[in-house]
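# Residue-level structural notes
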Amino acid sequence: MSAFRWLLLCVCVVARAQDPFEIQVFEYEPLPRGTYSYEEHLNRSGDQWHLSSELTAGITRQFRAGVVALTGVVPGRGWEYAGFRILPHIYAPPSWKLPLNLGFIAEFSFERPLFDENTRQVELRGIAEKHVGRLQMDGNLSFGHTLHGPGTREGWGLEPSGRIGWRISRTFTPSLEYYGSVGALGNFAPVQQQVHLLFPGADWKIRDSFMWSFGAGFGATAAESSVILKSRFEFEFGRER
């Protein structure tokens, strides 16, 4: 098998359950105007590394927008540019006094064929969050669709994910995350072919504006047997104007 086909196979296996570039359960995280967030995601599955760099700007208290640069290792070639993404975020304001914190993210992805034969994709992700004392619960419901590539015929795919965290101190929160992929809407894959991943991990708030999130994932079904390592650094800067 050529290095190119081997890479595509490895990427597709991981991507069925979770994006190999950004393994994250999104939380309710508005950014005030004039505040910025910079994130680095470094993930590994088998001997494949994926690195993404994301810069997000607070536009209003309820709207933020981000852009992501994607890179990854190609066997025999080293690190290669993989593409970019654009992510507008919208959050329900606290003044609505909802029982849950709610948000929505639309992700537009443009990747090189070297990394994904479906070169243009869109993902719509709903966010729900609830705090009960030290307990934090987050849920994402994502619907993805291919805009260019062979996957356009597959319709909208469903990928649920969730996180439970328990804050044991002001700076450290152990957590358990879940990522799943059940197939296209109206045509779910058989249970044995679905992918369900569990990620024990933690968030470590090193400084007020600097956080490190890390975890190791494993498959709960035979469809995904590899161990996936994930790490995310997040740094906030700027101030509200």
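Residues numbered from 1 in each chain as written. Predicted model: local features only at pLDDT ≥ 70, side-chain atom pairs only at ≥ 80, totals over all residues. Heavy atoms only, no water.

Glancing now at the pattern of salt bridges. Scanning the model with the defined rule gives 13 salt bridges in all. We note a salt bridge from Glu111 to Arg85, for which the minimum N-O separation is 2.8 Å. Taken together, the positions of Glu111 in strand β5 (residues 101-111) and Arg85 in strand β4 (residues 78-91) put the pair 26 residues apart, joining distant regions of the chain. A relative accessible area of 3% means that Arg85 is categorised as buried. Linking Arg163 and Asp203 is a salt bridge whose minimum nitrogen-to-oxygen distance equals 2.9 Å. Taken together, the residues span a long stretch of sequence, with Arg163 in strand β8 (residues 157-166) and Asp203 in strand β12 (residues 195-207) at a distance of 40 residues. (Salt bridge = Lys/Arg side-chain N within 4 Å of Asp/Glu carboxyl O. Helix = DSSP H or I, 4+ residues; strand = E, 2+ residues; numbered from the N terminus. Buried < 20%, exposed > 50% of the residue type's maximum accessible area, 1.4 Å probe, protein only.)

Taken residue by residue, the protein chain gives an average pLDDT of 90. The fraction at 70 or more is 90%. Note that residues 1-17 has pLDDT below 50 and, in this model, 41 contacts with residues that lie over four places away or in other chains. (pLDDT = per-residue confidence, 0-100. Contact = heavy atoms within 4.5 Å.)

On to the packing of aromatic side chains, then. Taken as a whole and assessed by the stated rule, the structure comprises 10 aromatic pairs. Ring centres 4.9 Å apart and planes at 20 degrees place the aromatic pair Phe84 and Phe110 in the stacked group. Remark: Phe110 occurs in strand β5 and Phe84 occurs in strand β4; sequence separation between them is 26 residues. Judged by relative accessible area, Phe110 falls into the partly exposed class, the value being 31%. For the ring pair Trp212 and Phe214, a centre distance of 4.4 Å and an interplane angle of 40 degrees mean the geometry is tilted. Here a set of aromatic residues connected by ring pairs shows up, and it is made of Trp204, Phe210, Trp212, Phe214 and Phe233. (Phe/Tyr/Trp six-rings, centres within 6.5 Å; stacked < 30°, edge-to-face > 60°.)

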